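# Secondary and tertiary structure notes
Take a look at the letters that make up each chain.
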Amino acid sequence: MDNELGSIETEMKRGFLQLLVLVLLEKEAYGYAMVRAFRDLGYEVEENTLYPLLRRLEKRGLVHGKWELSEERPRKFYSVTKAGREMRVGLLAIWNKQDEIIKQISKENKHA
Amino acid sequence: MHKNLETYIEEIGHFLTGRREREEILSEIRSHLLERAEQETSPVDEAALGKVIAAYGSPRHVAEKYLDGRPVIAPAYQRHLFRYASLLFAVHFAFVMFSVVFKRSFTIFPFLYVPDLSSILFDAIMYLPMAFLADFGAVALVLYFITRSGREIKLPWPKFASDLDELQEPEAKTLSARIWNMVEAVIMVALSAWAFRIYARFHTLFVAHSDSGKFQPLFMPAPGRTLSLVVLIMLAAGTATLLIKMFLSSRRLACWVDIAADSIALVLIGVVLRQQRGNLFAVDVPARLVTWVHVSLTVILLVVALFVAIDLVVKVVRLGRGRLAR
């Protein structure tokens, strides 16, 4: 049961993480800073999953990456693009709709 | 410079494609791992780095996350790999048959080259497994390019055709199947014993009843002996295969036994095809009949070789799929 829950959670996280990144990157951040920000909010993200995701979003033009070489260690900072913001609006609408459906069905189940 | 970190980064790089992209990915991972290790201990030491690296995942696992969604062959086309490879192999096999019968080579540059295999029939048999591998590779290449193009292409396939990739593992043997196997084995043992007895008596398996009431060899001594030995080896191999499989519970080992038996059969068919030239008969046979027998024998053996080759491919695929699944 735990294994099954874990595997479904992984699938759910895949989409959710994209939305989360688009929301978080309203402010510029680099990978590890994002991992810590998520952790502070109680959300664990696999570090080796975040970077490939950022790369895919960058390729699709939803986030913009920029290397910062002036600091002690080179870091790649990401921020959401205009296309990313539009996508975020669409994704949030889907998210809210799904949330509404679940709540509605749960309410009906309670009264049944 | 942290040796363990650089080795790890290099191993990830080994699995990634595109030089520029690879370097950027590796720089980002390096930067992340160093910062992560710094959280453990500052200044960073090898022990902290080792811990962080272990938590980050195996190099192949990490690299695959970047390659996710970029399969060599798109899942929708993967079943076509075996479909078209088997179809292409059938066409290839037909060209091999034409080459043997019509004594000429065939070239469709750069897709197909079948040399004139009529004078070296043994090579025609040896050519077939390599032809299959070449066909498999050619189909894989085409599907790779289709995948890379990103276009939605509906590849045709006739509805009546069966698929190599739909091969199912045989069900566990029922009692009736076991009894039938035993009957088969008894028949094969009796047949082999009878063949060995004839060979011991006449030094050939092919004898004809003459007008004088005596038995005389049907074929000339040399080809007659070779053909007889080939048949004896085939009978012995067939009997041994049945007996071994009766006592084997592992399907994988049974597959290996079939592969060995098919390989022996292909080699023996090659030997027969090589031998059947020249004056074959030791008895008076009309010239037209001799030609007819030669052509018929060649065609029959090539068809048998086709079925044996198909069975060999099926068994190799089944074994390969089992290994991949494990």
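Residues numbered from 1 in each chain as written. Chains lettered and ligands numbered in written order. Predicted model: local features only at pLDDT ≥ 70, side-chain atom pairs only at ≥ 80, totals over all residues.

## Regarding the overall build of chain B
Rules: Helix and strand definitions here come from DSSP, where helices need a minimum of 4 consecutive H or I residues and strands a minimum of 2 consecutive E residues; each element is numbered from the N-terminal end. The burial criterion counts other C-beta atoms lying within 10 Å of a residue's C-beta, which is placed from the backbone; the residue is buried at 20 or more, exposed at 12 or fewer, and partly exposed between these limits. C-beta atoms are placed from the backbone for every residue, and two residues are taken to be in contact when these atoms lie within 7 Å.
Along chain B, the regular secondary structure elements total ten helices and four strands. When the helices and strands of chain B are listed from N to C terminus, the series reads α-α-α-α-α-β-β-α-α-β-β-α-α-α. A buried classification covers 21% of the 326 residues belonging to chain B. Considering only residue pairs separated by 6 or more positions, chain B has 65% of its internal contacts joining residues 24 or more positions apart.

## Examining the pairing of strand 2 (residues 63-68) of chain A
Basically, it comes down to this: Here, strands pair whenever DSSP counts at least two bridges between them.
Across six bridges, strand 2 of chain A lies against strand 3 (residues 75-80) of chain A in antiparallel orientation. Its bridge partner being in strand 3 of chain A, Trp67(A) is matched across the sheet by Lys76(A).

## Brief notes about the environment of Tyr56(B)
All names here are of chain B. Along the chain, the position of Tyr-56 falls in helix 3 (residues 46-56). The exposure class assigned to Tyr-56 is partly exposed, which follows from the 19 C-beta atoms found within 10 Å. Tyr-56 sits 27 residues away from Ile-29 along the chain, and the two C-alpha atoms are 9.6 Å apart.

## So, the pairing of strand 3 of chain A
All names here are of chain A. Pairing between strand 1 (residues 29-30) and strand 3: two bridges, direction antiparallel. For Tyr-30, the partnering residue across the bridge sits in strand 3 and is Phe-77. Following strand 2, the chain reverses through six residues before pairing antiparallel with strand 3.

## Comments concerning the sheet that holds strand 3 of chain A
Sheet architecture is open: three strands sit in the order 1-3-2 (chain A), paired in antiparallel fashion. Lying at the two open borders of the sheet, with one neighbouring strand each, are strand 1 and strand 2 of chain A.

## Some words on the packing of helix 1 (residues 3-15) of chain B against helix 4 (residues 59-67) of chain B
Residue and element names in this part refer to chain B. Short version of the rule: Note on geometry: axes are lines fitted to C-alpha atoms, helical ones only across the stretch in contact, with angles between N-to-C directions running from 0 to 180 degrees. Roughly parallel means an angle under 35 degrees; roughly antiparallel, over 145; roughly perpendicular, 65 to 115; everything else is oblique. In this scheme the handedness of a crossing depends on how the near helix is turned from the far one: anticlockwise by less than a right angle means left-handed, clockwise means right-handed. Basically, the charged four are Asp, Glu, Lys and Arg, the nonpolar ten are Ala, Val, Leu, Ile, Met, Phe, Trp, Tyr, Cys and Pro, and anything else, Gly included, counts as polar.
Two numbers describe how helix 1 lies on helix 4: the axes approach to 8 Å, and their chain directions differ by 45°. Considering the angle they form, helix 1 stands oblique to helix 4. Crossing of helix 1 against helix 4: the hand is right-handed. Residues Tyr-8, Glu-11, Ile-12 and Phe-15 of helix 1 form the contact with helix 4, whose participating residues are Pro-59, Arg-60, Val-62 and Ala-63. Considered class by class, the residues forming the contact of helix 1 with helix 4 number six nonpolar, no polar and two charged.

## So, unusual backbone geometry
Residue and element names in this part refer to chain B. For His-203, which is not a glycine, the phi torsion comes out positive at approximately 60°. For His-203, the location among the structural elements is in the loop between helix 7 (175-202) and strand 3 (207-209). Judged by C-beta crowding, with 13 C-beta atoms within 10 Å, His-203 ranks as partly exposed.

## Some details on helix 4 (residues 82-111) of chain A
Every α-helix carries 3.6 residues per turn, so stepping three or four residues along brings you back to the same face. The cut-off we apply is this: An expected span of 1.5 Å times one less than the residue number is assigned to each helix.
Given a rise of 1.5 Å per residue, 30 residues ought to cover 44 Å, and the 44 Å separating the end C-alpha atoms of helix 4 of chain A matches this to within 8%. Judged by how many residues are buried, helix 4 of chain A sits mostly at the surface: three of 30 residues are covered.

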